[in-house]
Structures are given as C-alpha cells and as structure tokens.
Amino acid sequence: MGLQCGIVGLPNVGKSTLFNALTSAKALAANYPFATKEPNLGVITVPDPRLDKLAELVNPQKVIPTTVEILDIAGLIKGASKGEGLGNQFLANIREVDAIIHVVRCFEDDNVIHVDGSVDPVRDKEIIDLELIFKDIETMEKRVDKLKKQSKSGSKDDAANAEWAEKLLKHLMEGKPARSFPVEDNMAELYKDFYLLTSKPVLYVCNVDEGSIQSGNVHTERFRQAIKDEPAEVILICAGLEAEIAELESKEERMEFIEAMGLDEPGVNKVIRAAYKLLNLRTYFTAGVKEVRAWTIQSGWKAPQAAGVIHTDFEKGFIRAEVIKYQDFVHYGSEAAVKEAGKLNVEGKEYVVEDGDVMHFRFNV
C-alpha cells in the first residue's frame, strides 16, 4: 500500500521508545534532545484476532498477517518552521507521511529531561500544532498568490479557487489546523494538492507512568479536555513498559507479564490498530491449506482493486469474486460448510469489499 504513519512530538517524550516497542527495531532511544536525527522506518505487523481464528479453523501451512509502516521522526522544538533545531528536516519528513501519531509526555520523572523544564502535554501539543500551522501559512500564502494571478486571466473556476484558498489561509492564521476546515467535494482535489501538514489525520498517544495506564492522571485529563472538540482518538500507554514487554523472548512470557500488570493486551496493539484505522485501511482475508493471509486495502475499494493487491493480473483479468463473510466462516467452520449452507456469495466488478471479507478471485489473462 505504501501508506505511512509518522510518530511526532517534542524531544524526550518517548517517541523512539514507543517506536522500538512497536517494531523491536532498536532505534536509538536516549535521554537528550535530537537523539533521532534521521527518521527510522519500521514495518509493523497488525494484530488481528480474526486472522488467528481463521488459521485455527483452516490449519494452513503458513499464516501471514498484514502490516503498516511507521516512521520515527526527529523531535521538534519552537522555531522549527523557521529552521530551528532539526526543523526543516522534521517538517519535510512529516510532509511525506499520510497520518500522524502525536506522542505527548504525561509522566513525571526528574531523571528524564523535558526541553521546556516541566511536564505540560497541552503546551507541548500547542507548540507542535503552531509550528505546523506556521509552515502551512507559508505554503498557503504562496499558493494564494499563484491562484490570484491565474484568476486574473483565467475562468470563473480560477477565481472561485482563489477565493476558497484565501478562506483556508484565514482559517490557518486564526491558529486552526487545516483538518478542521470544511472542504466541499468540488474543492477536495485542490485541497489535496496543497499538501498541508495540518491536513493529516492525527492519533494522540499519551505516554504515562505504569500506574496511570488504566485510568490516566491529571495530565491526561487536562489533555483530553484540551482536544475534546477534535475528531481524534487518545490512547494511554507506558512506552517504557511496552519496551520491556517487547524485549521478552516468547509470546507466553509476554502474556504473563501483561496479565501481571492487569492488562489484556500490549498497549502497542491498540496503537497499531488505531494507526491502521487512521490511514483509512481495511483488511480482507484469503484462506486455504497453503496459507491464511490478511491483505490491506483502502476503505471503499471494489473487488478488482482488492484482487490487484495480490497480483496485477488478478485485477486486469478479473471475472468474479467469491465472498464469505467472516462471521459465516467462523459459524460454519469451513469453506465447504459455508457453500453447503448457501452462504457463499458471487460478486462482480462493482462489489465494494467489506472489512473482514474472506475472498477467492476468479480471473483470466
């Protein structure tokens, strides 16, 4: 799919520790600003109990989960939009990703330096928001000038585009991110073409102490209040604890540790699933004796596009898709039993694939 989430935040909030826990890639995690200079890219397995259940029923030779890419980006400081710190590199890296995982520090620890001297996740979030907005204002000022010039010798559409872009610029200058600006269908392509940093969907991860994983603390409550009007999810995790879990050798050891902490699964699983959702991704499955596999598609894709993820020939020569709903597969226990019950559907080119569909494609090239 090639879609990526970027982990962002101020220096020393736990970005690289979280990245290590997510990927077990052992990126440098250090107690000083700018430990991460070059972005680290990790390919992360998406946990999906449906895949495990299908594998249990089919007993294949191989089980292959789907993945999502995560980029650990250098920490940002005030003035990044003007090139302070690693600002230019940070902003260029953000421009390349499709969604943002914003890590904020919500734990007290005198041994971990905070670049601004105190723990305040609301202030930290605002620093990053403003730097991204400043850069977007700079981008939009140039685009508005260009659109105005085009409108002088162009069509009514050019004039409408210039007027709409000016409204977006005004919105940014009021300190509001682009993602909160209403975009009409006829302006969607123009908006996308601006490549604004604050247009990207965001997931907030509050990095807390071990005792605050379940119910949070005063910092997380303040943070939730501050972002209550944003259409964004907030997840609480202890990055240090997640890194310890990731270090354990076996699945059994990890589960024992997790249960001892009163948790039902690693916090990183929640982050990965939320990141997958943030990228507007969906999963369908193929299930046979050779392999049970999860495949990634974008929401709204039709059957031929979904087939093309397996091989381009599948899309080019698409004839039909045989579709079993996941719940039906689990209920009847096998493909043969589903067919016998009349629950296998044959779908054509216009079928919109649903999350969890178990599919088999017929094609001819």
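Further up the page is the structure itself.
Bear in mind the structure is a predicted one, so any value in this text is a computation, not a measurement. (Residues numbered from 1 in each chain as written. Predicted model: local features only at pLDDT ≥ 70, side-chain atom pairs only at ≥ 80, totals over all residues. Heavy atoms only, no water.)

Draft legend 1. Looking closely at the sheet that holds strand S4 (residues 67-72). Spatial strand order, S2-S4-S1-S5-S6-S7: six strands in an open sheet with mixed pairing. Strands at the two margins of the open sheet, each flanked by one partner only, are strand S2 (40-45) and strand S7 (234-237). Neighbour-to-neighbour, the strand axes of the sheet open up by a mean angle of 25 degrees, direction not taken into account. Across six bridges, the pairing between strand S5 (residues 99-105) and strand S6 (residues 202-207) is parallel. Residue histidine 102 lies in a different strand from S6, and its bridge partner there is tyrosine 204. Of the strands in this sheet, strand S1 (4-8), S2, S4, S5, S6 and S7 touch helix H10 (residues 267-278), which is tilted by about 165 degrees from S6. (Pairing = 2+ DSSP bridges. Helix = DSSP H or I, 4+ residues; strand = E, 2+ residues; numbered from the N terminus. Axes fitted to C-alpha atoms, helices over the stretch in contact; angles between N-to-C directions. Contact = heavy atoms within 4.5 Å.)

Draft legend 2. Region of interest: the side chain of lysine 200. Note on placement: lysine 200 falls in the loop between helix H6 (188-193) and S6. One buried charged side chain, lysine 200, makes no salt bridge at all; its nearest oppositely charged neighbour is aspartate 98, positioned 6.0 Å away. At a separation of 3.4 Å, a polar atom in the side chain of lysine 200 contacts the main-chain carbonyl oxygen of arginine 95. Contacts of lysine 200, omitting those with residues within four sequence positions, involve Ile94, Arg95, Val97, Asp98, Ala99, Ile100 and Arg179. (Buried < 20%, exposed > 50% of the residue type's maximum accessible area, 1.4 Å probe, protein only. Lys, Arg positive; Asp, Glu negative; His and termini not counted. Salt bridge = Lys/Arg side-chain N within 4 Å of Asp/Glu carboxyl O. Polar contact = N/O pair within 3.5 Å; in protein donor to acceptor, adjacent residues only side chain to side chain.)

Draft legend 3. Spotlight on the pairing of S6. Within S6, six of the six residues are buried, which leaves it mostly tucked inside the rest of the structure. Burial along S6 is two-sided: the residues Val202, Tyr204 and Cys206 and Leu203, Val205 and Asn207 are all buried. Inspection of the sheet shows S6 paired to S7 by four bridges, in the parallel sense. Paired with tyrosine 204 across the bridge in S7 is valine 234. Taken together, S6, helix H7 (residues 218-226) and S7 form a β-α-β motif whose crossover is right-handed. (Right-handed = clockwise from strand over helix to strand, strands pointing away.)

Draft legend 4. Structural detail: the pattern of salt bridges. Summed over all chains, the structure comprises 20 salt bridges. In this structure, the salt-bridge partner of aspartate 193 is arginine 143, at a minimum N-O distance of 3.0 Å. You can see aspartate 193 sitting in helix H6 and its partner arginine 143 sitting in helix H4 (residues 121-153), a full 50 residues away along the chain. Among the residues examined, aspartate 193 registers a relative accessible area of 37% and is labelled partly exposed. Residue glutamate 174 is joined to lysine 170 by a salt bridge in which the shortest nitrogen-to-oxygen separation is 3.0 Å. The class for lysine 170 is exposed, based on a relative accessible area of 52%. Through salt bridges with shared partners, a single ionic network connects Asp48, Arg50 and Asp355.

Read these as spatial facts, not as claims about activity.
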